[in-house]
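Chain and residue survey
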Amino acid sequence: MKLKVLVLTAVAVLLWTSRLEANWGFNIRIQNQDSEGNLLGSSMSMGEREEAEDGYDNQNDMSFTFPSLGSQYVICYFVHEDWGDDNGNYLTDIRSLQPANKIWNSCVRAQNPYTPQYTLSWQLTANIPPYYQPVLHFGENSIDMRAQSSYSYSSYAGYTYFSIELLYNEYLPYQTQELPDLLFSDNQERSFDLNEYFALSNGELSYGCLANPDLIQSLETSEDSALWHVYPRPGWIGQTSSTLYAYGPTGDSLSVEVSIMRDSTNSPPLYQGVSYLELTQNQSAIWNWSGQVFDADRDEVSLSFYPAEHITIQPVDSLGAVELIPEPAFKGETQITLQLDDGINPSILDTLRILVLPSVPQMPQFTAWQILSDGSLSLRWSMVQSDINNLPITGIRYRVLLSQDPAGIHLLDTFETPDSRIVLPLVYQRCFIRIIAINEI
């Protein structure tokens, strides 16, 4: 008879609970062009890098010194009066990755431009963190730099000052590190503490995951951790992705996709339970093997048993249990053979050793004695063939104890015999005799 292993599967749930971006940057360009297409212009670079500082650092911030210029030019640069000994003008101003409101004070210097018409332009890169809103402040105007990529103005001044501000949304989650792409060669659950991958400057994070029919997912939250559990649906092979959401306290959210692949590997089931059981002679026992069969792919596994010598195997009503019934009077060692099938791999055979321990025999009864002609004592008793439960036993030996006292504390001699009769020499003036049945393997 096949006994089925119960495999439980979880359902993806949505729990209401941006990455600290990699290095990023973009250029701001100033242009002044006449009607014939002649062009004056230059550019400067701003951004954030992992190794940079918000103050001056010579590896990332490049200062601007005027070269030998002609009588006509239009140039732009960053102005710093907050860097102490490093105050000055810079063509490159790179800050740290630490999220915060940040301002790049800037200037356009013009010498004999073609016209009083200028255009500032930029092309934002895709990796600018979503928690930043770049804003160009020009006079009384504030321009959403995500909504447009240029700004034109008129000026007759030799110096025109403006600023670029990054407005930081402190309630928008961000990533502190990448979640890895996942390759599964089995269907065993993997867990990730999302608090190690997401952060928030103000408030508490909560999380969600989008249900995917090819994945088993769940979220488990506690005070210190938010665990995302995931594994492929048993039987599915292919490539998909899981969409995770991190939510801030005001509803701002960040979504991240994790690529997940399940290859075609399928491992055979394994028996990981005990290899040895002890029973008692004439007594059956319930053996529950549920939880002792492991299948890395979470396939449904059937467990069957080959006929065993001296042991009868009967399934019980509860799943994953059998009754082991020793043959009447049997004692000693035998084994049962288990066969595991997952419906995919060849059957796996394993063995379980069974040791049937002797039961407690009844006491010898109906003793009789006779003094023989040579002066020795012939002692007889009834043969013990049952244990204390009146069930059959075999292979009984007998121990005869001679002692000085009724309690048997002071032994004079000991004899053993497989028979129910023994002849004892009468060498003691007085002794007490005790007969014990011994049931051993």
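Residues numbered from 1 in each chain as written. Predicted model: local features only at pLDDT ≥ 70, side-chain atom pairs only at ≥ 80, totals over all residues. Heavy atoms only, no water.

**A closer look at the packing of aromatic side chains**
The condition is simple: Two aromatic rings from Phe, Tyr or Trp, using only the six-membered ring of Trp, form a pair when their centres are within 6.5 Å; if the ring planes differ by under 30 degrees the pair is stacked, by over 60 it is edge-to-face, and anything between is tilted. Counting from the N terminus, the helices are DSSP H or I runs at least four residues long and the strands are E runs at least two residues long. Throughout, exposure labels follow a simple rule: accessible area from a 1.4 Å probe, protein chains only, divided by the maximum for the residue type, with under 20% read as buried, over 50% as exposed, and the rest as partly exposed. Whether a charge sits over a ring comes down to the Lys NZ or Arg CZ being within 6 Å of the ring centre and within 35 degrees of the ring normal.
Per the stated rule, a full pass over the model turns up 22 aromatic pairs. Arranged with centres 5.8 Å apart and planes meeting at 50°, the rings of Y56 and Y90 form a pair that is tilted. One end of the pair, Y56, is in the loop between β3 (39–48) and β4 (62–63); the other, Y90, is in strand β6 (residues 88–95), with 34 residues separating them in the sequence. Looking at Y56, the relative accessible area reads 29%, which means it is partly exposed. With a centroid separation of 6.3 Å and an interplanar angle of 75°, the aromatic rings of Y271 and W287 are classed as edge-to-face. Of this pair, Y271 sits in strand β22 (residues 270–271) while W287 is found in strand β24 (residues 285–288), placing the two residues 16 residues apart along the sequence. For Y271, a relative accessible area of 12% puts it in the buried group. Under the relative-accessibility criterion, W287 is labelled buried at 6%. Positioned over the ring face of W104 is R95, at 4.0 Å from the centre of the ring. Seen from the ring of Y231, R298 lies directly overhead, with NZ or CZ sitting 3.7 Å from the centre.

**A word on the sheet that holds strand β36 (residues 432–439)**
To keep it simple, the criterion reads: In this scheme, strands are said to pair when DSSP sees at least two bridges between them. Here an axis means a line fitted to C-alpha atoms, over the contact stretch when the element is a helix, while the angle between two N-to-C directions is reported on a 0 to 180 degree scale.
Read from one edge to the other, the open sheet built from three strands follows the order β34-β33-β36, with strand pairing classed as antiparallel. Two strands close off the open sheet at either side, each with one partner strand: β34 (411–417) and β36. With direction set aside, neighbouring strand axes in the sheet form an average angle of 20°. Taken together, the eight bridges between strand β33 (residues 396–403) and β36 define a ladder with antiparallel strand orientation. When the sheet's bridge partners are listed, V400 is paired in β36 with I435.

**Quick look at the side chain of T115**
To keep things clear, this is the line we draw: Throughout this description, a polar contact denotes any pair of N or O atoms lying within 3.5 Å of each other; where both atoms belong to protein, one of them has to be capable of donating a hydrogen while the other can accept it, and for residues adjacent in sequence the pair is counted only when both atoms sit in side chains. In this analysis, two residues are considered to be in contact whenever any of their non-hydrogen atoms come within 4.5 Å of each other.
Structurally, T115 is set in the loop between β7 (102–111) and β8 (117–122). From its side chain, T115 meets the backbone nitrogen of Q117 in a polar contact 3.1 Å long. Setting aside its immediate chain neighbours within four residues, T115 contacts N32, Q33 and D34.

**A few points about the pairing of β7**
When you tally the buried positions in β7, you get seven out of ten residues, the bulk of the element. Judged from the six bridges that link them, strand β5 (residues 73–80) and β7 form a sheet pairing that is antiparallel. Of the residues in β7, the one forming a bridge with C76 is V108. Here β7 runs beside strand β12 (residues 159–168); their pairing, made up of eight bridges, is antiparallel. Bridging across to β12, N105 finds its partner in S163.

**Considerations on the pairing of strand β27 (residues 311–315)**
Across five bridges, the pairing between β27 and strand β28 (residues 321–326) is antiparallel. Looking at β28, one finds that I311 is bridged to P326. Two successive antiparallel strands, β27 and β28, enclose a turn made up of five residues, where G320 displays a positive phi of approximately 85°.

**Concerning a nonpolar patch on the surface**
Quick reminder of the rule: Within this analysis, patches are made of residues with over 30% relative accessible area and no salt bridge. Like charges are joined at 9 Å or less; nonpolar side chains (Val, Leu, Ile, Met, Phe, Trp, Tyr) at 5 Å or less. Areas reported here follow the Shrake-Rupley algorithm with a probe of radius 1.4 Å; residue values treat only the protein chains shown as occluding. Every case where a carboxyl oxygen of Asp or Glu lies within 4 Å of a side-chain nitrogen of Lys or Arg is listed as a salt bridge.
A cluster of nonpolar side chains, namely W369, I371 and L426, defines an oily patch on the protein surface of about 360 Å² accessible area. Considering the arrangement of structural elements, one finds W369 in strand β31 (residues 368–371). W369 gets classed as exposed once you look at its relative accessible area, which sits at 60%.

**Points about the confidence of the model for the protein**
Basically, it comes down to this: Each residue carries a pLDDT value, the predictor's own confidence for that position, ranging from 0 to 100.
Mean pLDDT over the protein stands at 91; residues scoring 70 or higher make up 95%. Considering only residues more than four positions removed or in separate chains, one finds that residues 1–19, a stretch of pLDDT under 50, has 72 contacts.

**Some remarks on empty space enclosed by the protein**
In this approach, a probe sized like a water molecule rolls over the atoms, and the result shows the empty space that is left. Here is the rule: Cavities and pockets are found on a 1 Å grid laid over the protein atoms alone: a cavity is a set of points where a 1.4 Å probe fits but cannot escape, a pocket is an open set with protein on both sides within 12 Å along at least five of seven lines, and a lining residue has an atom within 4 Å of such a point. Grid points are joined across faces, edges and corners, and a volume is the space filled by probe spheres set on the points. Amino acid classes used here: Ala, Val, Leu, Ile, Met, Phe, Trp, Tyr, Cys and Pro are nonpolar; Asp, Glu, Lys and Arg are charged; the rest, including Gly, are polar.
Estimates place the volume of the largest cavity at around 40 Å³. Residue lining of the largest cavity: L377, L402, L424, P425, L426, V427, Y428, C431 and I433, and that is the complete set. Residue composition of the lining of the largest cavity, grouped by class: nine nonpolar, no polar and no charged.

**Observations regarding the pattern of salt bridges**
Applying the stated criterion across every chain yields a total of ten salt bridges. A salt bridge links R95 to D93; the shortest N-O distance between them is 3.0 Å. The residues R95 and D93 share a single accessibility class, namely buried. In this structure, the salt-bridge partner of R262 is D263, at a minimum N-O distance of 3.3 Å. Grouping residues by exposure puts R262 and D263 together as buried. Put simply, E48, D54 and K102 are held in one network by salt bridges that share partners.

**As for the environment of P116**
Residue position: P116 is located in the loop between β7 and β8. Between the alpha carbons of P116 and R95 there is a distance of 33 Å; along the sequence they are 21 residues apart. The residues touching P116, leaving out its near neighbours within four places in the chain, are Y153, S154, S155 and Y156.

**Topic: the sheet that holds strand β32 (residues 377–380)**
In spatial order, the strands read β31-β32-β35; together these three strands make up an open sheet with antiparallel pairing. Only two strands of the sheet have a single partner each, and these edge strands are β31 and β35 (421–424). When the angles between neighbouring strand axes are averaged without regard to direction, this sheet yields 20°. The sheet contact formed by β32 and β35 spans four bridges and is antiparallel. By the bridge assignment, S378 is partnered in β35 with V423.

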